[in-house]
Amino acid sequence: MMIGLILAGAALAAAAVVFVSRYIAVTMDKRIAQYQGDLVRKHCEEVENMYRETRGWRHDLKTHIQTMKAHLALAEYDRLEDYLNELDSDLETVDRIVKTGNVMIDALLNSRISLARSKGIQVEARAIVPAQLAVSEVDLSIIIGNLMDNAMEACLKIEEEEKRFLRVYIDVLKGQLYIYVINSVEGDRKKAGRLYLTTKDSREHGFGLLRMDRVVEKYHGYLDRQNEEGVFATEVLLPL
């Protein structure tokens with residue numbers, strides 16, 4: 001009798017373990033699928049924005065060429081020179097390309113910055129990334145990409161465009177790669193222990209934030225998040 005009860009208890013325990021394992025697996029699959037879907041949507045939005053910008057540049061370039069050809073045909077060399085000087089000055093003013101020294105990070109930063117500005121977010125960026133890194137480019141992209149995405153998400157919750165801002169600073173500090181992102185926020189970010197919750201769902205920390213935290217831990221780096229009235233800032237230090 002006792003053996004039968006023990007076996008029955010063991011069977012129930014095993015069944016419970018299987019049920020819980022399957023439930024966790026299904027839940028994780030859904031969360032991973034949602035996270036991957038968010039990444040695809042962001043990528044598509046970035047590509048669409050870059051396509052619109054490219055079409056705009058092409059249209060402007062055709063206009064400039066036609067104007068210069070007209071001055072040339074009329075032998076208006078002084079006016080042509082003035083036009084070229086003005087065009088050169090304008091190009092210096094609108095040149096917003098961030099050149100970090102790392103091609104992959106350049107592409108990531110510039111696509112995010114371009115998208116943020118297209119949404120009415122004031123962006124300031126200064127970034128230098130050494131050629132030799134102890135951190136893989138993929139892991140560094142995870143950190144920077146999530147920082148930029150979270151900052152944009154917070155800014156877009158602010159109705160007044162003039163209050164939206166995002167600043168990015170990346171450089172070498174005391175032999176480590178220093179990453180600093182600060183952005184405007186509306187209200188206070190909720191906290192679970194020492195972790196700030198993602199604004200997508202207050203019940204969970206968010207896959208993006210967790211991935212970023214794990215990358216920093218992987219390289220024994222330092223991560224600090226600070227929330228003050230109207231601003232949210234994140235600092236990351238990674239060994240070189």
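Just so it is clear, the structure is predicted and the values come from calculations on it, not from any experiment. (Residues numbered from 1 in each chain as written. Predicted model: local features only at pLDDT ≥ 70, side-chain atom pairs only at ≥ 80, totals over all residues. Heavy atoms only, no water.)

Digging into the packing of aromatic side chains
Here the structure, examined in full by the defined rule, presents 2 aromatic pairs. Measuring from ring centre to ring centre gives 6.1 Å for tyrosine 169 and tyrosine 178, while their planes differ by 65°; the resulting arrangement is edge-to-face. Here tyrosine 169 falls in the partly exposed class, since its relative accessible area comes to 28%. You can call tyrosine 178 buried: its relative accessible area is 13%. Residues tyrosine 178 and tyrosine 180 carry aromatic rings whose centres are separated by 6.3 Å and whose planes lie at 5° to one another, so their mutual orientation is stacked. Put simply, the rings of Tyr169, Tyr178 and Tyr180 pair up and form one aromatic cluster. (Phe/Tyr/Trp six-rings, centres within 6.5 Å; stacked < 30°, edge-to-face > 60°. Buried < 20%, exposed > 50% of the residue type's maximum accessible area, 1.4 Å probe, protein only.)

Digging into the packing of helix α3 (residues 103–118) against helix α4 (residues 137–155)
Closest axis-to-axis distance for the α3/α4 pair is 10 Å, and the angle between their directions is 10°. It follows from the interaxial angle that α3 and α4 lie roughly parallel. Note on element contacts: α4 touches α3 through Glu137, Val138, Leu140, Ser141, Ile144, Gly145, Met148, Asp149 and Met152, opposite Met104, Ile105, Leu108, Leu109, Arg112, Ile113, Leu115 and Ala116. Considered class by class, the residues forming the contact of α3 with α4 number 12 nonpolar, 2 polar and 3 charged. (Axes fitted to C-alpha atoms, helices over the stretch in contact; angles between N-to-C directions. Helix = DSSP H or I, 4+ residues; strand = E, 2+ residues; numbered from the N terminus. Parallel < 35°, antiparallel > 145°, perpendicular 65-115°, else oblique. Contact = heavy atoms within 4.5 Å. Nonpolar A, V, L, I, M, F, W, Y, C, P; charged D, E, K, R; others polar.)

Brief notes about the pairing of strand β1 (residues 122–127)
Look at any regular strand and the pattern is simple: side chains alternate between the two faces of the sheet. When β1 meets strand β2 (residues 165–173), the two strands line up parallel, connected through 6 bridges. Counted as the bridge partner of glutamate 124 is arginine 167 from β2. For the crossover that starts at β1, traverses α4 and ends in the parallel β2, the hand is left-handed. (Pairing = 2+ DSSP bridges. Right-handed = clockwise from strand over helix to strand, strands pointing away.)

Concerning the sheet that holds β2
Backbone hydrogen bonds hold the strands of a sheet together, and the pairing may be parallel or antiparallel. Here we have 5 strands laid out as an open sheet, ordered β1-β2-β3-β7-β6, and mixed in their pairing. Two strands close off the open sheet at either side, each with one partner strand: β1 and β6 (222–228). The average angle at which neighbouring strand axes cross in this sheet is 10°, direction not considered. Where α4 meets the sheet, its contacts fall on β2, β3 (176–184) and β7 (231–239), and the angle it forms with β3 comes to roughly 15°. Packing of helix α5 (residues 207–218) onto the sheet brings it into contact with β6 and β7, and relative to β6 it is tilted by some 140°.

Focus: the confidence of the model for the protein
Mean pLDDT over the protein stands at 77; residues scoring 70 or higher make up 65%. Predicted confidence in the protein is weakest over strand β4 (residues 191–192), with a mean pLDDT of 48, and strongest over β3, with 96. This stretch, residues 201–205, has a pLDDT under 50; its non-local contacts, to residues over four places away or in other chains, come to 12 contacts. (pLDDT = per-residue confidence, 0-100.)

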